[in-house]
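Secondary and tertiary structure notes
The residues making up each chain are set out below.
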Amino acid sequence: TDMAQLGTAIHACIAGSFTDPDAPLSLDELDRTLNGMGVGDRVATASVLGTIETLHEWIGRRWPGHRAFAEVSVEARLDSGQILQGRIDLLLELDDRWVLFDHKSNPQGHEQWESVAQTAAGQLAAYRQAVELATGKPVSECWLFFPVSAGAIRVEI
């Protein structure tokens, strides 16, 4: 399986699931998306739906009253002078802060998540700085979500 292609398709499904909280994606909609992106034969649509539903339930319990924004384009001049251009997979807005998520379609088990987190920490730190510069509100938490291996890890920046 081309993990980049599968990851892109899963990202699209997750993003679509956050577009309207009152209209959850159906199995048919996910199936059309996965097939349309050429990975329908590589992943079980019901598993993707289950992972997305579980993600929504967990987020709702952990951060009640949040507003979710998926696939947020970001551009900023960082303190280092670098120009950051990227896309944040998921931002949760709370009254006084943000929670930032990056999705990693890494198929490895949880024993590898810490290593992936160390590799992604720089990207998350840059996104965090950009959000804080743009909004004036702090990013209180950064997370990696692993939709293929079904879990999440908080990344300390």
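Preceding this paragraph is the structure being described.
Cut-offs used in this document
- Residues numbered from 1 in each chain as written.
- Predicted model: local features only at pLDDT ≥ 70, side-chain atom pairs only at ≥ 80, totals over all residues.
- Heavy atoms only, no water.
- Phe/Tyr/Trp six-rings, centres within 6.5 Å; stacked < 30°, edge-to-face > 60°.
- Helix = DSSP H or I, 4+ residues; strand = E, 2+ residues; numbered from the N terminus.
- Buried < 20%, exposed > 50% of the residue type's maximum accessible area, 1.4 Å probe, protein only.
- Lys NZ or Arg CZ within 6 Å of the ring centre and 35° of its normal.
- Axes fitted to C-alpha atoms, helices over the stretch in contact; angles between N-to-C directions.
- Left-handed = near helix turned anticlockwise from the far one by under 90°.
- Contact = heavy atoms within 4.5 Å.
- Nonpolar A, V, L, I, M, F, W, Y, C, P; charged D, E, K, R; others polar.
- Pairing = 2+ DSSP bridges.
- Right-handed = clockwise from strand over helix to strand, strands pointing away.
- 1 Å grid on protein atoms, 1.4 Å probe; cavity = no way out; pocket = protein on both sides within 12 Å on 5 of 7 lines; lining within 4 Å.
- Points joined across faces, edges and corners; volume = space filled by probe spheres on them.

1. Thoughts on the packing of aromatic side chains
Summed over the entire model, instances satisfying the criterion amount to eight aromatic pairs. With a centroid separation of 6.1 Å and an interplanar angle of 85°, the aromatic rings of Trp58 and Phe101 are classed as edge-to-face. Of this pair, Trp58 sits in helix H3 (residues 45-62) while Phe101 sits in strand E3 (residues 98-103), and the two are 43 residues apart along the sequence. With a relative accessible area of 1%, Phe101 lands in the buried category. With a centroid separation of 5.7 Å and an interplanar angle of 90°, the aromatic rings of Trp63 and Phe101 are classed as edge-to-face. Taken together, the positions of Trp63 in the loop between H3 and strand E1 (67-77) and Phe101 in strand E3 put the pair 38 residues apart, joining distant regions of the chain. A cation sits over an aromatic face here: Lys137 above Trp98, 5.1 Å from the ring centre.

2. Let's talk about the packing of helix H2 (residues 27-36) against H3
Taken N-terminus to C-terminus, the directions of H2 and H3 make an angle of 115°; their axes are 9 Å apart at the nearest point. The two elements H2 and H3 meet at a crossing, and its hand is right-handed. Across the interface between the two elements, Leu27, Leu30, Asp31 and Leu34 from H2 touch Thr45, Ala46, Val48, Leu49 and Ile52 from H3. Split into classes, the residues belonging to the contact of H2 with H3 amount to seven nonpolar, one polar and one charged.

3. Points about the pairing of strand E4 (residues 139-146)
One face of the sheet, then the other: side chains in a regular strand alternate in exactly this way. Counting buried residues in E4 gives seven out of eight residues, a clear majority hidden from the surface. Inspection of the sheet shows E3 paired to E4 by six bridges, in the parallel sense. Bridge pairing in E4 links Val99 to Glu141. Between the parallel elements E3 and E4, the chain passes through helix H4 (residues 113-135) in a crossover that is right-handed. The sheet contact formed by E4 and strand E5 (residues 151-155) spans five bridges and is antiparallel. Looking at E5, one finds that Cys142 is bridged to Val155.

4. Let's talk about the layout of surface pockets
Space inside the largest pocket adds up to approximately 310 Å³. Of all the secondary-structure elements, those providing two or more residues to the lining of the largest pocket are H3 and E1. In terms of residues, the lining of the largest pocket owes the most to one element, H3, which gives five residues.

Shape is all these values report; function is a separate question.
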